Each structure stands twice: as structure tokens, then as C-alpha cells.
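Spelled out from the first residue to the last, the chains are:
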Amino acid sequence: MAEGMLAFAARRAGVNALLLLLVSLTGFMLLHATPGGPLAQFSLSPGMTSERLNQIAHSMGLDQPLWLQYVKWLGGLLKGDWGHSYRDHAPVLSIIISHLGATVELGLASLVISFLGGLAMGLIGALRAGEAIDALCSLVGVILLSLPTFWLGLVFIYFLSVRTGWFPAGGLMSPGHASATDRLRHLALPAMTLGLVSIPVWGAYIRSFAGDTLNQDHIRTARALGVPGWRIVLRRVLPAALLPLIPIAGVYLPTLLSGALVTETVFTWPGVGRLFLDSLQYRDYPVALGVLMFSAVLVLMCSLAAELLHHAADPRLRT
Amino acid sequence: MTLLSVRDLGVDFGGPLIVDGVSFSMKKGEIVALVGESGSGKSVASLALMGLLGRGNITGSAMLRLNDGRETDLVRIGPRERRGVLGRHVSMIFQDPLSSLDPIQTIGAQMREVLSLHCGLRGGKAQARAIELLHEVGIVDPQACLKLIPQRLSGGMRQRVLIAMAIAGEPELLLADEPTTALDVTVQAQVLRLLLSLRARSGMGMIFITHNLAVASSIADRVIVLYAGQVVEDAPADAFFAAPAMPYSKALLGAAPGIDSVFGARRLPTLRGQVPAPGERGVGCRFAPRCDAMRPTPCQTQMPDLLTIADGENEVHAVRCGRWEELAR
Amino acid sequence: MKSAEIILSIWAHLRSLRPRGRVAAYYIVFVVIACVAGPWVLPYGHAHIDLHHRFLSPISAGHPLGTDEIGRDLLTRVLMGGRVSLLVGLASTILSTVIGTTLGLVAGYNSGAARFLITTIIDATLCFPVVFLMLTLAAVLSPGVGTIIGIVTLVSWMEAARVVQAQTRVIRKMDYVTAVVAMGATDRYVLMREVLPNVAPAVIVSATLTIARAILLESYVSYLGYGVQPPDASWGNLLNNAQEYLESDPWLAIIPGVAIALTVTMFNLLGESLQDAIDPSIQAKGRRS
């Protein structure tokens, strides 16, 4: 059993390495193909001479052949040297890590909201399958899925901040006093925005998995033996519906980054998404490329970890 | 003493009756085989008794006499009361043992759940009782079995586990819906022997639903034949297999010559045509279109009643056929 | 002829849609007509600036949805924006459906190198968070409607490819396909006559859902300033600077957002209903209790 899992992990790790190579090549090529290339930021600054530009290019190794630059950059990546920001010369990796906390905070809070919402919606739908409330849940799900994140954020800001003053409109905390309640109040709107639009993702899966389980023979057996309904839901339906969510969570968690980018922009939340957008705007390519690689690694690690965890947790996969 | 008395049980799903006025009664410790082709309503009737249909309209009554002398109507009781009856007084096992156990929990967890529900046993006591039960149903290494998830067991083993769970609450009545159909023939015989020995030990009554007359002949004390939702023959097993009165029963038996028991050789019955769909029944005898002994009158004009044709020492023999007397000659 | 049969079967499916699917279909037809014809009917050009009538509230005289920060009629802007958003949605969906279906057929029909290559490309593309990838591409390329169509296509084709690949693999193993191959049918014949008609319904469903997603993705990129550039309007870029005026003039943000949310919802509802109509087993499952 363990050997099978080990082989599986090893094969996946191999495929993942190949994928990362492709991703890094693509990202590298893309950003070097931009108008002005990696030097754009410098060439646009006032009083720049071509002589000085060549100097900069030479000092950064940009006059070398592209393939050599790529190999050097890739080697650096592997050693943990992700290059330096054009803006403040800080190491890329530490910039990313310093922005990671805010994104993780936002991601986790929205995850709790979306998961609990999805759980409620999915279970209601499955237990009342075919009834009006099931149709209502699926309609609400489609609507939530169709809302543009940034617009929902703006609506929340207008109604819950501008009009009522209940919550701050943006930022991580009020300058000066960083109490826990202050941080939570700042977190509320962005987390709700990102959480609400993700509810139907969980809702649809839980509805489907729980519905499948409810139709299985062993549920009928449990009823025939007098097991109460709540106990059937708690002990049989819920575990059966939640276990297959693990690999889906592995795929889903990284996609949270996309939503986080938009949400962070609306709420001026200093996370990785904002960092990426800012670095694109300032043509700070080492940082942009770094974030791109970082997110790709995250995608692959999450899905691998989730699949291994699923293997370990779900007895149905071990026949 | 009467254990269960079903009177005029009817089930419909908003259309014609799927189960149409089924009446029978059974004594304590009796094994009744409910026999019929698919579409005869035998499974629907048993699920209706258990309250497991989930939808549909159920009429009539089914009085169950509990060991403590109380009587309860399986058709009328509310959901809360039913939970107190299911597993403790009436249990049911099903056709497909492969899918009837929760694939996520170990056998032990599933057995302990039932034991805590019906016997109030927890911890070590529940464990000990679970081992005892598994031993009783013929599982060789109960301790190891409790730690396994169902997927690790063979079909026959799983059916034994399900039987152990069903008898955990020491019910007075066990409904078994084709419990051996999905099993290999040799395993089938083992499970039937197990059920017979359990009945001998505990005096539990059993309704055994099957389409297989060989299986019925090897386990039943009495045979009730269902056709198109109705009881068409109700007879002691000896009388039924020796001299069935209903042409349908004759056809079933005649199509399987040398029927003896599953322990010996057997052949599947074949019969021309099929059971009429609930919406396509005529006014007369529902078997008439497939019956070799059919006469336009009375067979196609009048629905025959279920007539008692022999009534010796509580062993009633009843048949639903307008021409049974002529045919018996 | 097969294509006639396909069209007939689509028509039959449309007629058998659930009520909410039919409502969605009517709404979509309505919105398309409004966006195409509306700007011609309305008296203002979409770039008509009227500094005397800035920030008019909705239901103002002559401006049913009010005006923006430089006095342009918001209804006209929304309809013009709708043209672009719908165009981007439709064009990128057609492109990604064609690309995805082709690659899916190839990957599903062949085993070995071709399938490995295509599935690897799919997996590699899925490694990037969508919005990150789109913004990177947008930063590289010069902005415009054509560019945004290309970008949305690049991040959308995988869905159709995966659906078609999975279905093709199933159909290829069917006995009747084996029989046709045994009788000497060419790959081309099998793909066009046996596989394609069978995957068509799934492709149509995935395309409907892709339009919804494409409209949403365009709005993200344009909202972030990397998509359709002013003075051209799209539903996303109408919101681009609406945040500045949120406090005083919230409708500038709310109205275009409603247009996006409603239209995307309707495409999703249509897709969902088509799925139900095409696969009755899902419906049956839903009805069982």
C-alpha cells in the first residue's frame, strides 16, 4: 500500500518537475518578450542615456544570450536566489514571503466562509433533492458564481462602509492601533467578497457527493436498522461527501489566488496579488516572474499534497 | 401465536396500485417465503412495511405483536416510534451485500453503532458482543474482521456481517429481500443454513423475499405467491410444492422440474410473456393472458377472490383462481 | 446529413429546456439585440461628452441611467460596452471551442506521444492562476479587443479539450466504433461521423459555460486596466474608475456590474439547463429522494 503511494508520489513529482520547467520557460519568455524587455523600467526613466542603459544591461547580465540568462535564472531559482527587485533591490523571495501573510489571512478567512456556506447549501440541496429549496439553492449558487468579484466588493464597500460606516473600506489595519478587532473589521469585507463567490464551488460538489451517498444501499441498511437520520448524515453522508473534497481543495486553493488578486485590488489589501499587479505596473519583472513561479509551485504542491492526503484518508481508495 | 398480521396492504405512487390488497399473517418463528417475478410488488411491499419507501401512499395495516405483548401497526407508526421498532423488533437485510455496508467505516464501528442504539452497549461490552455476534454468524476470526473496512470482505462474509447487525437487537421479525441472489451458489447454501440455524436458536420469524423457488423450498415453512401486486396463492410449503393450486404456481414449478432445493440440482423457471404493467391490467384474473387454463369466463370477466381451499390445523391453503376446483380434479 | 441532425437535436433540446433555461435564452436574445441595435437608436454617441450634464442620477430627463464623470450617457455606454463584452465572450468561446475540441479529439483518439504532449500542455497551462496568466499576457501584448480575445481564449480552451478528450476515449472503446473500424473505416471517418456527433452536446454545454466565464474574465482584466482601453467601453472597464466616485455616484459602479452579473448568470443558467436536457440521468438523479 505504502509502496504504491510512494510510487505514485514519485511519478507525480517527476511530472510536476517537467510542468514547472515548462512553466518557468513560458514565464521567462513572456516577460522577456514584452515591449522594452526587462530594461523597460530603466529606459523610461528621465535622463537615461543609451550608454548608461548598456551598463545596466551588462551589470544585470541582460547582454548575454537569452538561453544562458534562462539557465542562470533557473539555477538561481533552485538555489533560492530568485533575483532582486528593480524597485528596491530587495530579494524577490523575501518580498513575496512578506506579502504572503496578508494573502493567507484573506484566503483562510474566505475559505471558512465559503466552506461553511457551501456545506449548508450542499447538504440542504441533497437532503431536499428535487424540492423547491433544492432548486432555490442551485439558483443562488449560479448567481453567486456569476458575480464579478470586484463588483461585489464595490457593492459591499458602498453599502457596508460608505453608507453605514460599519466596516473600513480597505487596508489591512488602521494605522496606529493594530488590535485584533480592528484587524477583523478590516478583514470582514474582503473575506466576505472572496468567500461568497466561492460558496457555489463547494456547494455543488457537496450537493453531488452527498446526493450520491444518500442514494447508496448502505444508507437504506442503516435506516432499516433504526439508525436516526441525523446520525446517518453525521456519520455516513458527511464523511463520504467531504473526503473526495480533499483533492478538489488541492486544485481549488491555488485558484483562490486569482480571486485574491482582484479582491486585494478592490480593498487595497497588501497581499501577493497586489504585489503581482504592482510589479507588472512598475515593470518590475523579477518580482512578477517570481510571483508567477511561486504560484505555479503552490498549484502543484497543493494538488500533490491533497491527492496523497486523500489516498491516506479515504478507505474507499484502498480496496 | 400470531407474530404479524398484514391486512389489505396497498401501495401506490400516485398511479395504479403496485401492491394491491395484500393480506397474510404469520406465526412466531415462522419462515414465510414471498415469491414472485420482478414487478410482482414483493420488494415494494416489504419496503412499505419497513417504512423505507420514502414516497408513495400506503394503506391497510400490518399489526406486529412484540415480545412484551404490545402490538404496533407498521403502516401507521410515526417516524420516531418506527426508529424504536426498526433494528430492535424488525430488521431487514438486502440483496446486495457489497453495497449495503458503509465503505468508509470499519465493520467494528458499524456494529458498535447498532449495539449502542439497540442494546445500550458501549466500549468493551459492545466489542465483546460484536465478537459474539460475528462468531454466531460463522465468521472465523471476528476480532480481525471488526478492524476491517467492508471492501476487504467477500460477498458472503459481508452478508454474514449484515445478518449479525440485523440480529444484534434480537428482533422478532427479519425481512430478507433476496439476501442470497448476489452470492455464489455454494455461499448461497451456507447463508440459508445460517438463517435456518438462527431461527432455530432465537425463534425469530422471517419474511424471505425471493424469485427463486428452489431457495424458497429450502428455507420456507410457508409460501406466498405474489402476482401483479396480489397474493395469488398462500400455502404451507409441503402442500405448495406437492400440489400447487394456482396455474401460475404450477407454471412456475412446472417450468423447473425436479425442484428440490438449492442444495441439489435446479433449473430456472421459464414462462411465456411477462407480468402486466400496473396500468395494463384487465378486469379479470391478472394472470389470464399468460394462463394455459384460461377460459373467457370467468377468467377474463371477473377478478377471482382469494379462496381458502384447505384449513387443517392452522395450516391454511388459499388460492386466487376462478377454476381451481375444476383444475384440481 | 449529420449536421442537420445535430441542429435538429439542439432545437429539440432547446424546446425541452426547463423554464429557467428558457428565460435565460430569451434574456440572452434580448441583450444581444439591445446591445447591437441600442446605440443606433439612442440619441447620443457613446463618446458624446456633455460637461454641462455630468454625474446625472439615473432616471434623469433624457438619460434613463444617468451620465458619467464627463457627461456621457450611461445607458449608451453600457450598451456599447455590452457589444465589446459579448463580442469578446463569443469570439473567444468559438476560438477556444475549436482549439479545445480539435486538441481533445486528437488527444482522446491517439494514445502515446500526442496525448502526452497535449495533456502536459493542458496541465502546464492550469498551473498558472488564471488572472495572473492573463495579466502577464496583457502586459506583454499591446492592449485592444483582439488581444483580449486571444488572451481569454488562451486560458479557456482547456475545458473543452478535457471534456472532448474524456468523451472521445470512451466512445472510441465502444463496440460499435470497433465494429466500424473493423469494417475498414478510416480514422477521419470515425472522428467526423462517429465521435464528433457524440461529443457535440457536451461541447455545446461547455461552450455555453465558457461564454459566461469569458465575459467574467474580460471584465476582470479590463477592470484592472489591462483589457479594453478607454475611450472604448466594455462592462469591465466601465467599472475601472467607478471606484473613485463610489461615495458620491455609486450607480456608475453598480449598473455596469449588474449588467455583467445578470448576463453571466443567464449564460450559466442556460448552460446548466442544456446539461440537464442533454443528460436526463442527471435530472433523474436530482428527482430521486
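This text goes with the structure placed above it.
The numbers attached to residues start from 1 for each chain and follow its sequence in the written order. The naming scheme follows written order: chains are lettered A onward, ligands numbered 1 onward. Reporting of local features is limited, given that this is a predicted model, to residues whose pLDDT is at least 70; pairs of side-chain atoms are given and counted only at 80 or more, and all residues count toward the totals for whole chains, interfaces and linings. The basis for every side-chain value is the complete set of heavy atoms in the structure, and neither hydrogens nor water enter the calculation.

*Asks:* I'd love a proper account of helix α6 (residues 145-172) of chain C, names of residues and values included.
*Replies:* For α6 of chain C, built from 28 residues, the straight-helix expectation of 40 Å at 1.5 Å per residue is met to within 8% by its first-to-last C-alpha distance of 39 Å. Think of it this way: the bend at a residue is just the angle between two axes, each fitted to seven residues, one set ending at that residue and the other starting at it. Helix and strand assignments follow DSSP, with helices taken as H or I runs no shorter than four residues and strands as E runs no shorter than two, numbered in order from the N terminus. Where α6 of chain C bends most, the angle comes to about 40°, and this point is valine 155 of chain C. The length a helix should cover is 1.5 Å for every residue beyond the first.

*Asks:* Any details on the packing of helix α3 (residues 74-109) of chain C against helix α8 (residues 187-223) of chain C? Residues and values, ideally.
*Replies:* Residues and elements named next belong to chain C. Between N-to-C directions, angles cover 0 to 180 degrees, with each direction set by a line fitted to C-alpha atoms, over the stretch in contact for helices. Two numbers describe how α3 lies on α8: the axes approach to 7 Å, and their chain directions differ by 145°. Between α3 and α8 lies a crossing whose hand is right-handed. Mapping the contact onto sequence places Ser85, Leu86, Val88, Gly89, Leu90, Ser92, Thr93, Ser96, Thr97, Thr101, Leu105 and Tyr109 in α3 and Asp187, Val190, Leu191, Val195, Leu196, Val203, Ala207, Thr210, Ile211, Ala214, Ile215 and Glu218 in α8. Taken together, the residues that form the contact of α3 with α8 break down as 14 nonpolar, 8 polar and 2 charged. When the near helix sits turned anticlockwise from the far one by under a right angle, the crossing is termed left-handed; a clockwise turn instead gives a right-handed crossing. Contacts are residue-level and defined by heavy atoms, with any inter-residue pair within 4.5 Å sufficient. Under this grouping Gly is polar, as are all residues other than the nonpolar Ala, Val, Leu, Ile, Met, Phe, Trp, Tyr, Cys and Pro and the charged Asp, Glu, Lys and Arg.

*Asks:* Before we move on, can you summarise the pairing of strand β3 (residues 31-35) of chain B with the specific residues and values?
*Replies:* Residues and elements named next belong to chain B. When you tally the buried positions in β3, you get 5 out of 5 residues, the bulk of the element. Side chains Ile31, Ala33 and Val35 project from β3 onto one buried face, and the interleaved Val32 and Leu34 project onto a second face that is buried too. Should DSSP find at least two bridges between two strands, the strands are taken to pair. Of the pairings in the sheet, the one linking β3 to strand β9 (residues 222-227) comprises 4 bridges and is parallel in character. Within β9, the position partnered with valine 32 by the bridge is arginine 222. Only protein chains enter the accessibility calculation, which uses a 1.4 Å probe; a residue whose area is less than 20% of its type maximum is buried, one above 50% is exposed, and one in between is partly exposed.

*Asks:* Describe in detail the interface of chain B and chain A, supporting the description with residues and values.
*Replies:* Listed by partner, the interface residues are 30 residues for chain B and 22 residues for chain A. Summing the contributions of chain B and of chain A, the shared interface buries around 2200 Å²; its carbon and sulfur component is 61%. In short, buried area is how much 1.4 Å probe accessible area vanishes from two parts on joining, totalled over both. A per-residue breakdown of the area chain B buries against chain A is headed by Arg83, Ile104 and Glu113 of chain B, which together make up 26% of the total. When a carboxyl oxygen of Asp or Glu lies within 4 Å of a side-chain nitrogen of Lys or Arg, that pair is called a salt bridge. Across the chain B-chain A interface, the total number found is 2 salt bridges. Each polar contact in these results corresponds to two N or O atoms within 3.5 Å; when the atoms are within protein, one needs to be able to donate a hydrogen and the other to accept it, and residues that are neighboring in sequence are counted only if both atoms are side-chain atoms. Scanning the region where chain B abuts chain A turns up 7 residue pairs in polar contact (both at pLDDT 80 or more). With 6 residues, the single largest contributor to the side of chain B that touches chain A is helix α3 (residues 107-119) of chain B.

*Asks:* Break down a nonpolar patch on the surface for me, citing the residues and quoting the values.
*Replies:* Within the patch definition used here, like charges are joined within 9 Å and nonpolar side chains (Val, Leu, Ile, Met, Phe, Trp, Tyr) within 5 Å, considering only residues with over 30% relative accessible area and no salt bridge. Residue burial considers only the protein chains on display, and all accessible areas are found by Shrake-Rupley using a 1.4 Å probe. Together, Val32, Val36, Trp40 and Val41 of chain C give the surface a local cluster of nonpolar side chains, amounting to about 440 Å² of exposed area. The exposure class assigned to valine 32 of chain C is partly exposed, which follows from its relative accessible area of 35%.

*Asks:* Requested: an account of the packing of aromatic side chains, with residues and values cited.
*Replies:* The aromatic pairing rule takes the rings of Phe, Tyr and Trp, using the six-membered ring of Trp, and pairs them if the centres are within 6.5 Å, calling planes under 30 degrees apart stacked, those over 60 edge-to-face and the rest tilted. Counted according to the given criterion, the structure contains 14 aromatic pairs over all chains. Their ring planes at 85° and their centres at 5.3 Å tell us that tyrosine 227 of chain B and phenylalanine 287 of chain B sit as a pair that is edge-to-face. Of the two residues, tyrosine 227 of chain B sits in strand β9 while phenylalanine 287 of chain B sits in the loop between α10 (247-254) and α11 (296-299), which places them 60 residues apart along the sequence. Residue tyrosine 227 of chain B shares its accessibility class with phenylalanine 287 of chain B, and that shared class is buried. Joined through ring pairs, the aromatic side chains of Phe28, Tyr70 and Trp73 of chain A make up one cluster. Whether a charge lies above a ring is judged from NZ of Lys or CZ of Arg, which has to be within 6 Å of the ring centre and within 35 degrees of the ring normal. Sitting above the plane of the phenylalanine 94 of chain B ring, arginine 220 of chain A keeps its charged end 3.8 Å from the centroid. The ring of tyrosine 109 of chain C is capped by arginine 172 of chain C, whose NZ or CZ atom sits 4.5 Å from the centre of that ring.

*Asks:* Kindly report on the sheet that holds strand β7 (residues 173-177) of chain B, identifying the contributing residues and their values.
*Replies:* Residues and elements named next belong to chain B. Taken together, 8 strands build an open sheet; the order of strands is β6-β7-β8-β3-β9-β10-β12-β11 and the sheet is mixed. Among the strands making up the open sheet, the edge pair consists of β6 (90-93) and β11 (307-312). Put simply, the sheet's adjacent strands are angled 20° from each other on average, direction ignored. Two elements, β11 and strand β12 (residues 315-319), share 5 bridges in a ladder whose sense is antiparallel. Note that in β12 the partner of threonine 308 across the bridge is alanine 318. Strands in contact with α10 are β9 and β10 (230-236); relative to β9, the strand with the most contacts, it is inclined by about 105°.

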